[in-house]
Amino acid sequence: PFTISEPKVDPNKPNRAKKSDSIDGLSGIFIKALAKSLGITTPWSPAFLCKGPLKEYLKKIVAADELLLNEEVDRMTGLELREVCCARGIDVFAKGSSENEMRIRLKEWLYLTNSKESEFEI
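Remember, it's a predicted structure, so these values are computed and weren't measured experimentally.

### Description of the overall build of the protein
Reasoning step 1: Of the regular secondary structure elements, the protein holds four helices and zero strands.
Reasoning step 2: When its helices and strands are written in sequence order, the protein yields α-α-α-α.
Reasoning step 3: Across the 122 residues of the protein, 25% fall into the buried class.
Reasoning step 4: As displayed, the protein offers around 8,800 Å² of accessible surface, 56% of which is attributable to carbon and sulfur atoms.

### Notes on the packing of helix H1 (residues 28–37) against helix H2 (residues 47–70)
Reasoning step 1: Contact pair H1 / H2: the axes reach a minimum separation of 9 Å and the direction vectors enclose 55°. Comparing their axes, H2 and H1 come out oblique. The hand of the H1/H2 crossing is left-handed. Contacts between H1 and H2 pair Gly28, Ile31, Lys32, Leu34 and Ala35 from the former with Ala47, Cys50, Lys51 and Leu54 from the latter.
Reasoning step 2: Here the residues of the contact of H1 with H2 are counted per class, giving six nonpolar, one polar and two charged.

### A short note on the pattern of salt bridges
Reasoning step 1: This structure, assessed with the given rule, holds seven salt bridges.
Reasoning step 2: The residue aspartate 24 makes a salt bridge to lysine 51 at a minimum N-O spacing of 3.6 Å. Taken as a pair, aspartate 24 in the segment before H1 and lysine 51 in helix H2 lie far apart in primary sequence, 27 residues in all.
Reasoning step 3: Residue classification places aspartate 24 among the partly exposed positions, given a relative accessible area of 32%.
Reasoning step 4: A salt bridge links aspartate 65 to arginine 88; its shortest N-O distance comes to 2.7 Å. Here aspartate 65, found in helix H2, pairs with arginine 88, found in the loop between helix H3 (78–87) and helix H4 (99–113); they are 23 residues apart in sequence, far enough to count as distant.
Reasoning step 5: One salt-bridge network, held together by shared partners, links Asp24, Lys51 and Lys55.

Conventions used here
Residues numbered from 1 in each chain as written. Predicted model: local features only at pLDDT ≥ 70, side-chain atom pairs only at ≥ 80, totals over all residues. Heavy atoms only, no water. Helix = DSSP H or I, 4+ residues; strand = E, 2+ residues; numbered from the N terminus. Buried < 20%, exposed > 50% of the residue type's maximum accessible area, 1.4 Å probe, protein only. Areas by Shrake-Rupley, 256 points an atom, 1.4 Å probe, with all protein chains shown as cover. Axes fitted to C-alpha atoms, helices over the stretch in contact; angles between N-to-C directions. Parallel < 35°, antiparallel > 145°, perpendicular 65-115°, else oblique. Left-handed = near helix turned anticlockwise from the far one by under 90°. Contact = heavy atoms within 4.5 Å. Nonpolar A, V, L, I, M, F, W, Y, C, P; charged D, E, K, R; others polar. Salt bridge = Lys/Arg side-chain N within 4 Å of Asp/Glu carboxyl O.

Take a look at the structure:
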């Protein structure tokens, strides 16, 4: 399977933000690939044009996650669950992905993205 891993950021290079500061510390290739995989930009968009839409998209996801923390994930319909997971890049088309598995993955996402150790400024 194809996976995208985060590039290594050299903390000694000038004008590079630290990973914990913002997405500005990510390479252009990674930002472009992430924006493309989430359906935010076209494959032909240059990396510098992907950063703004990606930041806005992530802000919306963060706001939606805050609402989801107060909602019961177990009460979501299959279609709602699929849409929410897809928006976060959670694989819903894997062979044998059931609604229960999607619920588990979404709960894991919410736990990991809302823990104090994973604060990441957009």
